[in-house]
Protein chains: 2
Amino acid sequence: MSPSDSGPADTPTVEPEAGRAELRRAAFLKAAREVFLEHGYEAANMAEIVRRAGGSLSTLYAQFGGKKGLFEAMIDARVSEITTQMQLELAAHAPLREGLTRIGEDFLFRQVQPENLNFFRLMVAQAKKFPEMAEAWSRRAQEAVRRALAGYLEDRVAAGEIRIANAEQAASIYFDLLRSRMQFRTLLMPSYVPTEQEVREQVERAVKVFIGGIESLN
Amino acid sequence: MSPSDSGPADTPTVEPEAGRAELRRAAFLKAAREVFLEHGYEAANMAEIVRRAGGSLSTLYAQFGGKKGLFEAMIDARVSEITTQMQLELAAHAPLREGLTRIGEDFLFRQVQPENLNFFRLMVAQAKKFPEMAEAWSRRAQEAVRRALAGYLEDRVAAGEIRIANAEQAASIYFDLLRSRMQFRTLLMPSYVPTEQEVREQVERAVKVFIGGIESLN
DNA sequence: ACCCAAACGTAACGGTAATTACAGTAGTCT
DNA sequence: AGACTACTGTAATTACCGTTACGTTTGGGT
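First, a word on scope: everything that follows refers to the structure included in this document. (Residues numbered from 1 in each chain as written. Chains lettered and ligands numbered in written order. Predicted model: local features only at pLDDT ≥ 70, side-chain atom pairs only at ≥ 80, totals over all residues. Heavy atoms only, no water.)

1. Focus: the overall build of chain A
The helix and strand inventory of chain A stands at 9 helices and 0 strands. In chain A, which comprises 218 residues, the share counted as buried stands at 46%. Considering only intrachain contacts with a sequence separation of at least 6, the fraction spanning at least 24 residues in chain A is 70%. (Helix = DSSP H or I, 4+ residues; strand = E, 2+ residues; numbered from the N terminus. Buried < 20%, exposed > 50% of the residue type's maximum accessible area, 1.4 Å probe, protein only. Contact = heavy atoms within 4.5 Å.)

2. Some thoughts on the nonpolar core
Within the largest apolar cluster, 73 residues are counted, with the highest numbers of intra-cluster contacts made by Phe36 and Phe71 of chain A together with Phe36 and Phe71 of chain B. Setting aside anything within four residues of it in sequence, one finds Phe36 of chain B in contact with Tyr41, Ala44, Ile49, Lys67, Leu70, Phe71, Met74 and Leu122 of chain B. Listed in part, the 64 residues of the second largest apolar core include Ala150 of chain A together with Leu96, Tyr174 and Phe210 of chain B. (Core = buried A, V, L, I, M, F, W, Y, C linked by side-chain atoms within 4.5 Å.)

3. Some details on the protein's contact with DNA strand D
Taken together, 17 residues lie around DNA strand D, and Ser58 of chain A together with Ala44, Met46, Tyr61 and Lys67 of chain B are the ones closest in. Backbone atoms, meaning sugar and phosphate, make up 62% of the atoms of DNA strand D lying within 4 Å of the protein. Thr59 of chain A is positioned with one of its side-chain polar atoms (N or O) 3.0 Å from a phosphate oxygen of DNA strand D. Contributing elements (two or more residues each) for the surface near DNA strand D: α1 (20-39) and α3 (57-64) of chain A together with α3 (57-64) of chain B. (Near = heavy atom within 4 Å. Polar contact = N/O pair within 3.5 Å; in protein donor to acceptor, adjacent residues only side chain to side chain.)

4. Some details on the pattern of salt bridges
Two side chains with opposite charge may pair up if their charged atoms get near one another. Using the criterion set out here, one finds 40 salt bridges over all chains in the structure. Connected through salt bridges with shared partners, the residues Lys30, Glu34, Glu38, Glu48, Arg51 and Arg52 of chain A form a single ionic network. (Salt bridge = Lys/Arg side-chain N within 4 Å of Asp/Glu carboxyl O.)

5. Description of the packing of aromatic side chains
For the structure on display, the rule yields 24 aromatic pairs over all chains. Note on Tyr174 of chain A and Phe175 of chain A: the rings are 6.2 Å apart at their centroids and 50° apart in plane angle, and the pair reads as tilted. Here Tyr174 of chain A matches Phe175 of chain A in class, with each residue buried. Pairing Phe120 of chain B with Trp137 of chain B gives two aromatic rings, centres 5.6 Å apart and planes at 90°, and the pair type is edge-to-face. Taken together, the residues Phe120 of chain B in helix α6 (residues 114-126) and Trp137 of chain B in helix α7 (residues 131-158) connect sequence positions 17 residues apart. Relative accessible area serves as the criterion here: at 4%, Phe120 of chain B is assigned to the buried category. (Phe/Tyr/Trp six-rings, centres within 6.5 Å; stacked < 30°, edge-to-face > 60°.)

6. What to know about the protein's contact with DNA strand C
For DNA strand C, the set of nearby residues contains 18 residues, the closest of which are Ala44, Met46 and Tyr61 of chain A together with Ser58 and Thr59 of chain B. A distance of 3.5 Å separates a phosphate oxygen of DNA strand C from a polar atom in the backbone of Gly55 of chain B. In the model, a base oxygen of DNA strand C is placed 2.6 Å from a nitrogen or oxygen of the Ser58 of chain B side chain. When residues of the surface near DNA strand C are traced back to their parent elements, those giving at least two are α3 of chain A together with α1 (20-39) and α3 of chain B.

7. Some words on the relation of the copies chain A and chain B
The transform that puts chain A on chain B rotates by 179° and translates by 0.0 Å along the axis, for an RMSD of 0.2 Å. Overall, the copies show the geometry of a two-fold rotation axis. Proximity to the rotation axis, assessed at the C-alpha, singles out Gly213 of chain A in chain A; its C-alpha lies 1.9 Å from the axis. Interface residue correspondence from chain A to chain B reaches 100%, placing this contact among same-surface, isologous pairings. (Least-squares fit on C-alpha atoms with pLDDT ≥ 70 in both.)

8. Focus on the layout of surface pockets
Taken as a whole, the largest pocket spans an internal volume of roughly 620 Å³. Looking at the largest pocket, it is lined by 30 residues, and the ones nearest its centre are Glu42, Ala125 and Gln126 of chain A together with Ala125 and Gln126 of chain B. Elements represented by at least two residues in the lining of the largest pocket include exactly α1 and α6 (114-126) of chain A together with α1 and α6 of chain B. When the residues that make up the lining of the largest pocket are grouped by side-chain class, the tally is 12 nonpolar, 8 polar and 10 charged. Here the second largest pocket defines a volume of roughly 380 Å³. Of all the secondary structure elements, the ones that give two or more residues to the lining of the second largest pocket are α8 (167-188) and α9 (196-213) of chain A together with α7 and α8 (167-188) of chain B. Class assignment of the residues belonging to the lining of the second largest pocket gives a composition of 6 nonpolar, 5 polar and 9 charged. (1 Å grid on protein atoms, 1.4 Å probe; cavity = no way out; pocket = protein on both sides within 12 Å on 5 of 7 lines; lining within 4 Å. Points joined across faces, edges and corners; volume = space filled by probe spheres on them. Nonpolar A, V, L, I, M, F, W, Y, C, P; charged D, E, K, R; others polar.)

9. Things to note about the side chain of Ser180 of chain A
Along the chain, Ser180 of chain A falls in helix α8. Of the residues examined, Ser180 of chain A reaches a relative accessible area of 4% and is grouped as buried. Apart from residues lying up to four places away in sequence, Ser180 of chain A is in contact with Phe175 of chain A together with Asp176, Arg179 and Ser180 of chain B.

10. Some remarks on the interface of chain A and chain B
Reports of interface size often rely on the accessible area that becomes lost once the parts have come together. Listed per partner, the contact involves 38 residues of chain A and 38 residues of chain B. When chain A packs against chain B, the two sides together hide about 3600 Å² of surface, and 69% of this comes from carbon and sulfur. Broken down residue by residue, the surface that chain A buries against chain B is led by Lys128, Phe184 and Leu188 of chain A, which jointly contribute 19%. Viewed at the interface, chain B and chain A are joined by 0 salt bridges. The interface formed by chain A and chain B includes 7 residue pairs in polar contact (both at pLDDT 80 or more). Sorting the residues of the side of chain A that touches chain B by element identifies α1, α6, α7 (131-158), α8 and α9 of chain A as the ones contributing at least two each. For the side of chain A that touches chain B, the element with the most residues is α8 of chain A, which contributes 12 residues. Looking at the side of chain A that touches chain B, its residues break down into 18 nonpolar, 10 polar and 10 charged. (Buried area = accessible area lost by both parts, 1.4 Å probe.)

11. Re α8 of chain B
Think of an α-helix as turning once every 3.6 residues; residues three or four places apart then point the same way. Residues and elements named next belong to chain B. Taking 1.5 Å per residue as the helical rise, α8 with its 22 residues ought to reach 32 Å, and the 31 Å between its terminal C-alpha atoms agrees with that figure. Considering bend angle alone, the principal kink of α8 is centred on Arg179 and spans about 40°. Taking burial as the measure, the 22 residues of α8 include 18 buried ones, the bulk of the element. The distance from a side-chain oxygen at the start of α8 to the backbone nitrogen of Glu168 is 3.3 Å, and the residue carrying that oxygen is Asn166. (Expected span 1.5 Å × (residues − 1). Bend = angle between axes of the 7 residues up to and from the residue.)

Shown next as structure tokens:
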């Protein structure tokens, strides 16, 4: 690991050839994400991506094959990091109302980040052209948070705090309550950014309705 | 009004010159809607629109000024017909559970029509480029149904069937419960079309949670 | 029947942007 | 060092598409 001796012969990483190409690739992907998120797929400009990434057009084409390949690689990278990204700060064994509030705020604040909204817009817009991609993305994103919340709810059920027959379904409903209103508005009004207070109020409403109504499903 | 005497001098309509131009215009708008919904704004092709509408490119440019103008006119037309489109078959004085179910199914079946989903996709994708448009559309669509449901809820409150402090807010929450899950999936999985049974089940869940939980807000 | 404006068809213009070709450079491995 | 590979820079190629120009046609009002 010494700076002068970075021989790749005995690197423990799986990749046989790490280093330069990887750096190029990472820079390309980063620039591609920026440009695609800003302008959308069709309006994104390959030259602009190279301008920002700093490599050369030829290398970009050599590595990704073309615009479509670059786009797919960029999405793949994003999908891979989603599981990490979407880790909910779990509320462990906190009481129900407090736990739901914490999880809800954590989730909703993330959700309304401009970067996330732009990503959502891009996926929705390209869902027809890249069906596998949109599906993979939504599935991963959904499942991660749903499982996490379901786990917490099961803990609360075990603690006798609430009666829920189907924790996954209940989790899904809670996220619906959290997300729907703001997602609708933010997707259609890109300039609108909810204030912290709005987010908290939204979470508060969702918690109340959820706790009050979820047992009706049994 | 006799067929042989259709003099425009004494026509009661506001338009001084009705007829040919209007027909052209209507045909253009219809074709434009198809093509824009199929391919999105950027990928839509003016020549393709003319091919489907049957007029000539020159006329199209004379009437709408260009791609942008055509797009805006198409959206405007759609926004105008939304109020009609979104009229909920109101449940009048039906009991709460039955009324919510009827309104919910009516709304949700409409919502998952491919045409509506494609429209939503288009609006989301272009929300940055045409902000006023996306906003006008979502506002109109939202308000129409929200007011209608709020009216019904107020009727039920008056009938003593439920206690709701803020009918508009409650209506909004009900639509969130209805829509969120399916909207998420259908927007990102264009090929997925929910079955009639899935829609009914979704409505049933929403009704249960809503009735059970909405009074918690007071 | 005549006239005018609107509609038509077609082709040309202009610009943009994806993709490829090619000649030169730099890094790495033996 | 030498060779092989990957990277760079730039320019050409190619295709597409929005937009405009222009000469012709047509339909309706007098």
